[in-house]
Amino acid sequence: VSGRVVLPTGLEKSLTAQILHTYETRLFPSAESIEVKRAFIEKFATVLVSEFPDWEVDIHVFGSSVNGLGSSRSDVDICLTTKHRMLEDVFLLSSVLRKYGMCTYCVPRARVPIVKAWDPELRIAADINVNNTIALHNTRMLQTFVAIDGRVRPFVMAVKHWTKCRDINDAAFGGTLSSYAWATLAIHFLQTRQPPIVPVLHPPAPSLRADKCTDASPVDLTFDDDITRLRDFGRDNTESLGYLLYAFFRTYAFEFDYRHQVVSLRNGCYLSKAEKGWDQGRPSRIFCIEEPFSTWLNLAHSANETAVEGIRQEFQRAFCILRDGGSYDNVCEVY
Ligand code: ATP
Ligand code: MG
């Protein structure tokens, strides 16, 4: 199936209005939630100064608290940078936070070890890593996409909201996809519209293959972040939010070839699994979304074959609800 998607009469306008209504009333972070995040970071800084008065430790906030894609309920993602590598032991950080009344849970063996913290006083969750700065760059990349076209933010937030309501946004414990993977997929969709709504930001580079790379492999962190020049790049495309969401659901329900294609935000197109070396073993059977910087990593690695089938069925369900006259709220009915 190709060409322009035709929406049922009246759907485009009403769906656009519903998405904007949800975005403005429920997704856009409240002033109170922003204040809670600020208070948490201040408290966390005070804890670090009290516990490690002679250590130089910098606090960097990343993820959806700063990339423009966070809601009131998003957690705070924090990266600490320090030359005192003892702090990379997540159990040390965890025990410190517990002294100050926080509940913690360590994930020490993940590719990026983290401490998950919950502050019962401020009622906020945080994911904290030490010296893993790569996410600071992809956060800035998402910020750049958000700044380029006014549709990016409500569109990606509408997609994220749907995935959270339908329980398909939990890479770590649910075996589905992370918010970062969903945001990458949604922005790639905007990049591949005709004409495109957002550009390719990365310089052309050969794809790095999983069998030739490790976490220690050098990563090219450059990308075009000249927002003044890129702003309104998508002005020739007049597609509405309603149209985009309907077409997005249709694409991943019926058109995308999960067996053979790879979503590449870095290149602004689909690549083949064969050219990435992902046509063998586990990657050949699952959803493949290339990490834009560390291109040998599959952001959808967390979802197995059954989960991918579940995700595809969620796309179909969402599409069919809208096609048959249902609303965005029906699409997002909690699972
Ligand atoms: P949410 O609003 O759901 O918290 P988020 O954008 O903060 O959304 P998280 O899943 O909390 O998403 O991840 C935080 C950040 O960590 C992402 O924005 C991204 O910068 C980075 N990140 C997450 N997963 C990966 C990954 N697999 N590879 C590289 N960076 C990642
Ligand atoms: Mg987050």
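Note that the structure is a prediction, hence the values are computed from the model and not measured.

### Re the sheet that holds strand 1 (residues 57-62)
Ordered by their spatial adjacency, five strands build an open sheet running 1-2-5-4-3, and the pairing between neighbours is mixed. Because the sheet does not close on itself, it has two edges, and the strands there are strand 1 and strand 3 (103-107). Looking at each pair of strands side by side, their axes are set apart by 25° on average, direction ignored. Summarising the sheet, strand 1 and strand 2 (residues 76-82) pair through six bridges and their orientation is antiparallel. Bridge pairing links valine 61 to isoleucine 78 in strand 2. Docked against the sheet, helix 2 (residues 31-51) engages strand 1, strand 2, strand 4 (114-119) and strand 5 (124-130), running at close to 30° with respect to strand 2.

### Quick word on the pattern of salt bridges
Under the counting rule described, the total for this entry stands at 22 salt bridges. Where lysine 276 meets glutamate 290, a salt bridge forms, and the shortest distance between an N and an O atom there is 2.7 Å. Note that lysine 276 is positioned in helix 10 (residues 273-276) and glutamate 290 in the loop between helix 11 (281-285) and helix 12 (305-323), a separation of 14 residues in sequence. Exposure remark for lysine 276: the relative accessible area of 1% places this residue in the buried category. Assessed through its relative accessible area of 0%, glutamate 290 is described here as buried. Ionic pairing is found between glutamate 314 and arginine 317, a salt bridge with its closest N-O pair at 4.0 Å. Residue glutamate 314 and its partner arginine 317 are both found in helix 12; the two are separated by three residues, about one turn of the helix. By relative accessible area, which is 9% here, glutamate 314 ends up buried. Taken together, the shared-partner salt bridges in this structure form one network comprising Arg4, Arg193 and Glu239.

### As for the packing of aromatic side chains
This structure, assessed with the given rule, holds 25 aromatic pairs. With a centroid separation of 5.5 Å and an interplanar angle of 55°, the aromatic rings of phenylalanine 256 and phenylalanine 287 are classed as tilted. Highlighted residues: phenylalanine 256 in the loop between helix 9 (241-255) and strand 6 (261-264) and phenylalanine 287 in the loop between helix 11 and helix 12, separated in sequence by 31 residues. The exposure class assigned to phenylalanine 287 is buried, which follows from its relative accessible area of 0%. Put simply, the rings of Phe155, Trp162, Trp182, Phe189, Phe248, Phe249, Tyr252, Phe256, Tyr258, Tyr270, Phe287 and Phe315 pair up and form one aromatic cluster. Residue placement shows arginine 4 over the ring face of tyrosine 243; its charged tip is 4.1 Å from the ring centre. Positioned over the ring face of tryptophan 278 is lysine 276, at 4.6 Å from the centre of the ring.

### As for the site of ligand 1
Within the structure, ligand 1 sits among 16 residues, and Ser64, Ser74, Asn138, Lys164 and Ser179 are positioned closest to it. At 2.9 Å from an oxygen atom of ligand 1 is found a side-chain nitrogen or oxygen belonging to aspartate 75. Asparagine 138 places a side-chain nitrogen or oxygen 2.3 Å from an oxygen atom of ligand 1. Computed on the free molecule, ligand 1 has an accessible area of 600 Å², of which 80% lies beneath the protein chains in the complex. Secondary-structure elements contributing two or more residues to the shell around ligand 1 are helix 4 (134-148), helix 5 (152-165) and helix 7 (179-191). It is helix 4 that contributes the most residues to the shell around ligand 1, three residues altogether.

### Thoughts on the pairing of strand 7 (residues 269-272)
In terms of strand pairing, strand 6 meets strand 7 through four bridges, oriented antiparallel. Bridging from a neighbouring strand, serine 264 pairs with cysteine 269 of strand 7. Between strand 6 and the antiparallel strand that follows it, strand 7, lie four residues; glycine 268 among them carries a positive phi value of about 65°.

### Quick notes on the domain arrangement of the chain
When its domains are assigned, the chain resolves into domain 1 (11-27 + 140-331) and domain 2 (31-134). Domain 1 and domain 2 are separated by 27 Å when their C-alpha centres are compared. Counting residues at the interface gives 17 residues for domain 1 and 13 residues for domain 2. Each partner contributes to the roughly 1100 Å² buried at the junction of domain 1 and domain 2, and carbon and sulfur atoms together form 62% of this total. Here domain 1 and domain 2 share three residue pairs in polar contact (both at pLDDT 80 or more) between them. Where the side of domain 1 that touches domain 2 is concerned, the elements lending two or more residues are helix 4 and helix 5. Grouping the constituent residues of the side of domain 1 that touches domain 2 by class yields 11 nonpolar, two polar and four charged.

Parameters and conventions
Residues numbered from 1 in each chain as written. Chains lettered and ligands numbered in written order. Predicted model: local features only at pLDDT ≥ 70, side-chain atom pairs only at ≥ 80, totals over all residues. Heavy atoms only, no water. Pairing = 2+ DSSP bridges. Helix = DSSP H or I, 4+ residues; strand = E, 2+ residues; numbered from the N terminus. Axes fitted to C-alpha atoms, helices over the stretch in contact; angles between N-to-C directions. Contact = heavy atoms within 4.5 Å. Salt bridge = Lys/Arg side-chain N within 4 Å of Asp/Glu carboxyl O. Buried < 20%, exposed > 50% of the residue type's maximum accessible area, 1.4 Å probe, protein only. Phe/Tyr/Trp six-rings, centres within 6.5 Å; stacked < 30°, edge-to-face > 60°. Lys NZ or Arg CZ within 6 Å of the ring centre and 35° of its normal. Near = heavy atom within 4 Å. Polar contact = N/O pair within 3.5 Å; in protein donor to acceptor, adjacent residues only side chain to side chain. Areas by Shrake-Rupley, 256 points an atom, 1.4 Å probe, with all protein chains shown as cover. Domains from an automatic or database assignment. Buried area = accessible area lost by both parts, 1.4 Å probe. Nonpolar A, V, L, I, M, F, W, Y, C, P; charged D, E, K, R; others polar.

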